[in-house]
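Residue-level listing of the chains:
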Amino acid sequence: MVMVSIENLSVALGQRTVVQNVTAELRPGALIGVVGPNGAGKSTLVRAMLGLVPRSGGRVLLDGRDVAGLSPRDIARSIAYLPQGQILHWPLAVERLVALGRLPHLAPMSGMSAADRDVVADALARVDAGHLAGRIATELSGGERARVMLARALAVGAPGLVVDEPLASLDPGHQIDVMELLAREARGGAMVVAVLHDLTMAARYCDRVLLLDKGAIVADGTPAQVLDADRLSATYGISAMIDLNGAAPLVVPLRRI
Amino acid sequence: MLVLLAAFASLGFGAVSIAPGRVAAALMGQGDWIARTIVIDLRVPRMVIGLLVGAMLGLAGAVLQGYLRNPLAEPSVLGASNAAALGAVAAIYFGLAEAHVVVLPLLAILGSLGSLLLLFALAGRSESSLTMILAGIAVSTLTGAGISLALNLSPNPFAAMEIMNWLLGSIENRSVEHIWIALPCIVIGIALLLVDGHALDALSLGDDAARSLGFDLRLTRLRILIGVAIGVGGAVAVSGAIGFIGLIVPHIVRPLTDRTPSAILLPSMIGGAALLTFADVLVRLMPTTNELKLGVVTAFLGVPVFLVHLLRERRLW
């Protein structure tokens with residue numbers, strides 16, 4: 001179990017303040033979606049949460065301890081992170097790529113144990129990519145690669161998982177698979193934060209949604225509380241068809257205002 | 001295996017042909033004094049230096065390609081080899097090299113450490129690999145210009161010839177003193193470069209992902225830069241500027257591994273030692289009037305390796 005408390009967090013990149021005074025408690029057990037228009041500061045917020053960008057104010061506590069004082073390895077073992085548009089610089093086999101997720105657990109210059117290999121195989125199976133294990137990761141389709149990268153994050157086996165736009169380049173079927181996987185992880189006791197662009201997917205699978213605009217949290221609550229017509233027009237500048245009370249919640253953007 | 005073969009070949013071939021039996025006898029401390037002098041005083045130091053320098057250059061190339069995530073990286077992209085060469089050239093230019101045999105290597109090592117300081121000043125606190133490459137090119141160009149200046153202004157053709165000879169790279173006529181100069185530098189360099197294999201693997205996912213996997217990239221960078229400066233500085237100090245080993249050896253060994261940056265470190269070290277020693281044997285066997293310079297041979301060896309790569313790439317596309 002891992003819990004993150006963000007207290008009055010501000011982040012400046014260069015001269016610009018990208019995240020302003022954000023306060024939120026991120027608890028395990030619920031799938032937390034972070035939504036907001038491009039440039040709202042979603043990615044910067046999650047990166048600052050992991051100590052990957054220096055903050056200009058406030059603090060982030062991981063299980064009550066300040067992230068700034070923790071070693072990168074401690075953070076890595078607590079929260080796995082899948083960056084937006086994850087790249088791969090060498091043509092590694094899929095299995096080898098997913099195995100990189102075990103690095104936070106390995107002593108310097110040592111290899112993987114049989115248990116590590118089991119975790120890797122399990123992570124591949126969970127994203128429905130077991131059959132890709134022997135393929136070269138740079139030769140996969142966009143959707144296959146996205147799933148394999150998610151498996152890399154799952155292979156860390158951390159109690160926390162932060163994924164930045166995990167649905168990009170996935171077909172609808174695999175989008176549903178990934179959202180169900182994230183929801184299952186969360187309900188199984190993990191702390192899961194997903195930065196999302198698809199509001200229907202956020203409404204349907206997230207237990208809690210943080211709506212960000214211009215670096216600040218505009219709303220924080222259940223999808224039904226957060227995603228209303230007024231807020232979508234104020235933040236995204238769109239009108240949308242919203243139906244959050246049916247069996248399958250829908251948020252379909254209609255036109256720009 | 002390859003290394004052993006190269007080492008034996010290095011002992012066996014030379015300007016004076018000595019039968020293998022006499023080489024073995026000389027190594028045991030027996031046999032005639034001519035064979036003993038040639039083998040012990042000339043060929044053994046030459047072989048040891050070849051192995052050391054080759055191992056250092058191969059490893060440095062493998063580490064830098066992994067760290068910079070650039071398959072064209074080699075020790076010279078950070079300016080280390082050029083700066084070491086400039087130090088050595090300065091020693092020849094100002095006539096300091098004649099004072100004592102250690103002056104030239106020492107100035108070479110100082111040159112490469114100086115380039116390290118300059119690199120840090122230029123790259124600042126940035127952790128991006130592109131900044132490092134740009135800063136490295138700046139240092140490399142500056143030191144290259146310094147070398148050209150020394151050649152341009154050299155007081156007489158003999159000094160210019162000597163500088164040219166040295167820039168082409170060679171390990172002939174090396175003594176035990178040269179081993180003692182290079183060995184500590186190369187041991188430190190290799191030790192610093194071998195520990196970051198896991199961080200290099202993580203870096204194949206990019207900076208952010210590597211840090212989120214628990215690696216402090218500032219420490220990684222510090223170790224790699226110091227390792228390259230000291231190790232390559234020490235290597236260049238005794239062998240001159242030998243190019244291409246650091247560039248081609250990782251490319252030769254990579255397809256034989258699972259292609260992770262950590263998997264090619266040791267093979268690149270061994271491959272570098274073997275390749276450089278073989279190239280040095282080739283130098284001695286070539287029927288040319290002057291002995292060919294080692295840097296020339298390695299540069300020619302580099303071309304086919306890249307041709308093969310180019311062909312393989314195009315078939316893939």
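Just so it is clear, the structure is predicted and the values come from calculations on it, not from any experiment. (Residues numbered from 1 in each chain as written. Chains lettered and ligands numbered in written order. Predicted model: local features only at pLDDT ≥ 70, side-chain atom pairs only at ≥ 80, totals over all residues.)

A. Layout of the overall build of chain B. Across its full length, chain B carries 14 helices and zero strands. Secondary structure elements in chain B, listed N-terminal to C-terminal, are α-α-α-α-α-α-α-α-α-α-α-α-α-α. When each of the 317 residues of chain B is scored for burial, the buried share is 52%. Expressed as a percentage of contacts within chain B between residues at least 6 apart in sequence, the contacts between residues at least 24 apart total 77%. (Helix = DSSP H or I, 4+ residues; strand = E, 2+ residues; numbered from the N terminus. Buried ≥ 20, exposed ≤ 12 C-beta atoms within 10 Å, placed from the backbone. Contact = placed C-beta atoms within 7 Å.)

B. A look at the interface of chain A and chain B. Listed per partner, the contact involves 24 residues of chain A and 21 residues of chain B. With four residues, helix α2 (residues 72–78) of chain A is the largest single contributor of residues to the side of chain A that touches chain B.

C. Quick look at the UniProt feature "domain: ABC transporter" (unreviewed entry) in chain A. Per the UniProt record, "domain: ABC transporter" (unreviewed entry) is annotated on residues 4–239 of chain A. Between the first and last C-alpha atoms of residues 4–239 of chain A the distance is 34 Å; the span itself is 34% helix and 26% strand. (UniProt positions renumbered as here; feature names shortened; annotations may be inferred.)

D. How the structure looks around the nonpolar core. All names here are of chain B. Counting 183 residues, the largest nonpolar core has V53, M56 and A88 as its most contacted members. Of all the elements, helix α3 (residues 33–68) adds the most residues to this core, at 16 residues. Excluding residues within four positions of it along the chain, V53 makes contact with I171, A182, A235, V238, S239, I242 and L276. (Core = buried A, V, L, I, M, F, W, Y, C linked by C-beta atoms within 7 Å.)

E. Fine view of helix α5 (residues 142–154) of chain A. Its 13 residues place the ends of α5(A) 19 Å apart at the C-alpha level, agreeing with the 18 Å of an ideal helix rising 1.5 Å per residue. Counting buried residues in α5(A) gives eleven out of 13 residues, a clear majority hidden from the surface. (Expected span 1.5 Å × (residues − 1).)

F. Summary view of helix α8 (residues 176–194) of chain B. Residues and elements named next belong to chain B. Compared with the 27 Å implied by 1.5 Å per residue over 19 residues, the 26 Å span of α8 between its first and last C-alpha is a close match. At A182, α8 shows its largest bend, some 30 degrees, and a proline, P184, comes one to four positions later. For α8, every residue scored as buried is listed here: H178, I181, A182, C185, I186, G189, I190, L192 and L193. (Bend = angle between axes of the 7 residues up to and from the residue.)

G. Summary view of the sheet that holds strand β9 (residues 208–213) of chain A. Residues and elements named next belong to chain A. Spatially, the six strands line up as an open sheet ordered β6-β7-β8-β3-β9-β10, and their pairing is mixed. Across the chains shown, the open sheet's two edge strands, defined by having one partner strand only, are β6 (79–82) and β10 (216–221). Averaged over all adjacent pairs, the angle separating strand axes in this sheet is 15 degrees, with direction ignored. Running over the sheet, α5 touches β6 and β7 (160–164) and is turned about 165 degrees from β6. Against the sheet, helix α6 (residues 172–187) contacts β3 (31–35), β7 and β8 (191–195), and its axis sits at roughly 150 degrees relative to β8. (Pairing = 2+ DSSP bridges. Axes fitted to C-alpha atoms, helices over the stretch in contact; angles between N-to-C directions.)

H. Fine view of the sheet that holds strand β4 (residues 57–62) of chain A. All names here are of chain A. One open sheet holds the four strands; their spatial order is β2-β1-β4-β5, and the pairing between them is antiparallel. The open sheet has two edge strands with one neighbour each: β2 (16–26) and β5 (65–66). As defined by bridge partners, β4 adjoins β5 across two bridges and the pair is classed as antiparallel. Considered in β5, the bridge of L62 is made with R65. The sheet contacts of helix α1 (residues 42–49) involve β1 (4–13), β2 and β4, and relative to β1 the element is tilted by about 120 degrees.

I. Fine view of the pairing of β1(A). Residues and elements named next belong to chain A. Relative to β2, β1 runs antiparallel, the two sharing seven bridges. Residue pairing in the sheet places L13 in a bridge with R16 of β2. Counting the residues in the hairpin turn of β1 and β2 gives two residues, including G14, whose phi is positive at 65 degrees.

J. Structural view of the environment of B:V77. Residues and elements named next belong to chain B. Inspection of the secondary structure puts V77 in the loop between α3 and α4 (80–93). With 195 residues separating them in the primary sequence, V77 and G272 have C-alpha atoms 18 Å apart. With residues up to four places along the chain from it excluded, the contact list for V77 reads L64, I133, G136 and S140.

K. How the structure looks around unusual backbone geometry. Backbone geometry places A:S169, a non-glycine residue, at a positive phi of 65 degrees. Relative to the helices and strands, A:S169 resides in the loop between β7 and α6. With a phi close to 70 degrees, B:R259 is a non-glycine residue in the positive phi region. The topology assignment puts B:R259 in the loop between α12 (245–253) and α13 (265–285).

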